[in-house]
Amino acid sequence: MRLLSALLPAATCAFALVIEPTAGHIRDSVALSNIHRPSVFSWLRKQSSILTATEDGSEDADFVAWLSLQSALSFEGILANIGPHGANVAGQNVKPGVVVASPSREHPNYFYYWVRDGAITMRALVDEYEMTGNASVKAIIDAYVDNVRSTQWTSNPSGQFGRGGLGEPKFEVDGRAFVGTWGRPQRDGPALRAITLISYVRALQHHGASIDSLNYLYDLIKPDLEYTSKFWASPGFDLWEEQEGLHFFTAMVQYKALLLGEQVSSDFSDQGAARWYHIQANGVKQFLLSFWDEERGYIVETLATARSGLDAALLLGAIHGGSETVFPMHSDMVIASLQALVADMRLRYPVNLQDSYDSNDVPAAVGIGRYPEDVYSGGDLINSELGNPWFLCTAAVAHTLYGLVEYLALSNTGLMITNLTADFYLPFISRTIEPDYYDFSASAAWSRSATILGFKPGSRETEQVISNIFHYADGFLKIVRKHSDAEGNMSEQFDRQTGFMRGASQLTWSFESVLGAIKMRQRAVEAIKKRRAYYKRF
């Protein structure tokens, strides 16, 4: 007999579960006093078992149709904000290849070109070109490349080319420097731009280009890699442009840029640069570990901050900068951070107040804001001290969960639940644990990383958890659907009280984030199909 309460600190357990390891089912449950973490065992209070996916994998046809439509509309929304001919920017002196953050010009004025937003957005177009070979998309990317060349050499308040100027976060849409007061420098832009341009090199190679014909791209990539390699340990402003310091999102994309940079430099026979980037990437990798807060049990976005450290930027960092070597989307640390963020947001916004479970007994999705202490209302001059959920942050949760599903579906190691991820996984496990599980409760002294339960590959419980997490992820995109309009338009935020859109209209990053989540969902679906085909053989 084992007490599952022994697997977690006594002060944080909500219930004691008496488990018979040989039989593998719950014998009884008793309430404990001083409940501090009811989310861990709240699934016991449900009267019905948690949803198990249907054998034929049938889905909500209406939602699937919306996904297809929204994918196309999001791509159109991106194109509409790219100069000079985009529907939202045509005739407004927007330079070719410039990605405008939003057509909104007042309350707030987002009619600018942000290096970060442009690189992330253009990466979506590079992926589209690699997959389809679309000549029109290639022409837009080539215009962006030309704009990168001129932007890199534009003197600005952060400096000049080779003297800090690459850290400038935003420019006027006609290519001129923005000279107003701003949070500068921001050191994620050069890294993200390098990632996008390296991806374009690979896409062009995929379509038959020789490496020798692409030196013009390396001439643009190398300055960004040099900046990243020399300034990764220097403070700058975060992606929300509010805090100066050292940031997880920035370090993640810097690490990825340097990893990719090592390989691309070698391909262009720049071996000295490749060795330098390798050394610096190892330094960033070690530095990234300092963002894990063992006491809090999640990754913090900014070091030495007075804030809680919880931030949707943690997920965006895993999405845009994650690798198998450090903080991939499926890592326990990222999932624990996601769980902590969602738990906070569930109670923070009135629009999220609902039953903790949806009609299928899967944990209910909620709208996700940037971070708990956020007071930016999207330029609203009346309610200027209240933050709201953001479309891109809500989609980032879905994207991360689909990434986890893909990993679990392709994994042959089964499902291992640690103390760190118990809050996340336990709500997806049915009330009756089948005999086909491992009980690790007495294997070692308590630690966050200790495994407490394991389920064999292909077991009913493992398959059920994968399916339930997939449906949970769908819930976040359904939140996006609920608060966007019938034409697929998405602003920056939706109101914490009413759910109506607010802030910058037709935000490019909102479109990109939702499009990215839908594409990640497609990968998750394919992984589940492969898994089911594999286990049907036995």
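Residues numbered from 1 in each chain as written. Predicted model: local features only at pLDDT ≥ 70, side-chain atom pairs only at ≥ 80, totals over all residues. Heavy atoms only, no water.

The protein is annotated in an unreviewed UniProt entry as Six-hairpin glycosidase-like protein of Lipomyces orientalis.

**Student:** Before we move on, could you go through the side chain of Ser199 and cite the residues and values that matter?
**Tutor:** With respect to the helices and strands, the residue Ser199 is situated in helix H4 (residues 189-206). A distance of 2.8 Å separates the side chain of Ser199 from the backbone oxygen of Ile195, its partner in a polar contact. Those residues in contact with Ser199 that lie beyond four places of it in its chain are Arg123 and Val126. (Helix = DSSP H or I, 4+ residues; strand = E, 2+ residues; numbered from the N terminus. Polar contact = N/O pair within 3.5 Å; in protein donor to acceptor, adjacent residues only side chain to side chain. Contact = heavy atoms within 4.5 Å.)

**Student:** Talk me through the packing of aromatic side chains; I want residue IDs and the actual numbers.
**Tutor:** Taken as a whole and assessed by the stated rule, the structure comprises 23 aromatic pairs. On the numbers, 5.8 Å between centres and 85° between planes, the contact of Phe178 with Trp182 is edge-to-face. Judged by relative accessible area, Trp182 falls into the partly exposed class, the value being 32%. Aromatic pair Phe248 and Phe327: ring centres 5.2 Å apart, planes at 75°, arrangement edge-to-face. Placement of the pair is Phe248 in helix H6 (residues 248-267) and Phe327 in the loop between helix H8 (313-321) and helix H9 (332-348), with a sequence separation of 79 residues. (Phe/Tyr/Trp six-rings, centres within 6.5 Å; stacked < 30°, edge-to-face > 60°. Buried < 20%, exposed > 50% of the residue type's maximum accessible area, 1.4 Å probe, protein only.)

**Student:** A description of the packing of H8 against helix H10 (residues 391-410) should follow, citing residues and the corresponding values.
**Tutor:** Two elements in contact, H8 and H10, have axes separated by 9 Å at closest approach and are oriented at 55°. Compared by their axis directions, H8 and H10 come out oblique. Handedness of the crossing formed by H8 with H10: left-handed. In this structure, H8 contributes Leu315, Leu316 and Ile319 to the contact, and H10 contributes Leu392, Ala396, Val397, His399 and Thr400. (Axes fitted to C-alpha atoms, helices over the stretch in contact; angles between N-to-C directions. Parallel < 35°, antiparallel > 145°, perpendicular 65-115°, else oblique. Left-handed = near helix turned anticlockwise from the far one by under 90°.)

**Student:** Could you give me a rundown of empty space enclosed by the protein, with the residues and numbers involved?
**Tutor:** A full pass over the atoms with the stated rule returns 3 cavities of 30 Å³ or more. In this model, the largest cavity occupies a volume close to 80 Å³. Taken together, 14 residues make up the lining of the largest cavity; nearest its centre are Ser234, Gly245, Leu246, His247 and Thr250. Contributing elements (two or more residues each) for the lining of the largest cavity: strand E6 (236-237) and H6. Looking at the lining of the largest cavity, the element that brings in the most residues is H6, giving 3 residues. Taken together, the residues of the lining of the largest cavity break down into 7 nonpolar, 6 polar and 1 charged. A volume near 40 Å³ is recorded for the second largest cavity. Contributing to the lining of the second largest cavity are Gln243, Glu301, Thr302, Thr305, Arg307, Gly309, Leu310 and Asp311. Class assignment for the residues of the lining of the second largest cavity results in 1 nonpolar, 4 polar and 3 charged. (1 Å grid on protein atoms, 1.4 Å probe; cavity = no way out; pocket = protein on both sides within 12 Å on 5 of 7 lines; lining within 4 Å. Points joined across faces, edges and corners; volume = space filled by probe spheres on them. Nonpolar A, V, L, I, M, F, W, Y, C, P; charged D, E, K, R; others polar.)

**Student:** Run through unusual backbone geometry, naming residues and quoting values.
**Tutor:** With omega at 5°, the peptide bond leading from Gly83 into Pro84 counts as cis. Summarising the element assignment, Pro84 is placed in the loop between helix H1 (61-80) and strand E4 (113-114). You will see that Glu241, though not glycine, has its phi angle at about 65°, which is positive. Following the sequence through the fold, Glu241 ends up in the loop between E6 and strand E7 (244-245). The buried category is assigned to Glu241, whose relative accessible area is 19%. Backbone geometry places Ser269, a non-glycine residue, at a positive phi of 60°. You can see Ser269 is positioned in the loop between H6 and helix H7 (271-288).

**Student:** Explain the environment of Phe63 to me, using residue names and the numbers behind them.
**Tutor:** Considering the arrangement of structural elements, one finds Phe63 in helix H1. Put simply, Phe63 and Asp474 are 411 residues apart on the chain and 9.0 Å apart in space, counted from C-alpha to C-alpha.

**Student:** For the environment of Val201, give the residues involved together with the corresponding values.
**Tutor:** Along the chain, Val201 falls in helix H4. For Val201, a relative accessible area of 0% translates into the label buried. The sequence separation of Val201 and Ile211 amounts to 10 residues, and the corresponding C-alpha distance is 8.0 Å. Ignoring anything within four residues of it in the chain, the contact list for Val201 reads Ile211, Leu214, Leu217, Ile221 and Phe268.

**Student:** Just give me the short version of the nonpolar core, but keep the residues and values in it.
**Tutor:** Leu288, Phe424, Ile469 and Phe476 are the most contacted members of the largest nonpolar core, which totals 146 residues. Looking at this core, the element that brings in the most residues is H10, giving 13 residues. Beyond its immediate sequence surroundings of up to four residues, Phe476 is in contact with Val342, Ala365, Val366, Ile368, Thr394, Val397, Ala398 and Leu401. (Core = buried A, V, L, I, M, F, W, Y, C linked by side-chain atoms within 4.5 Å.)

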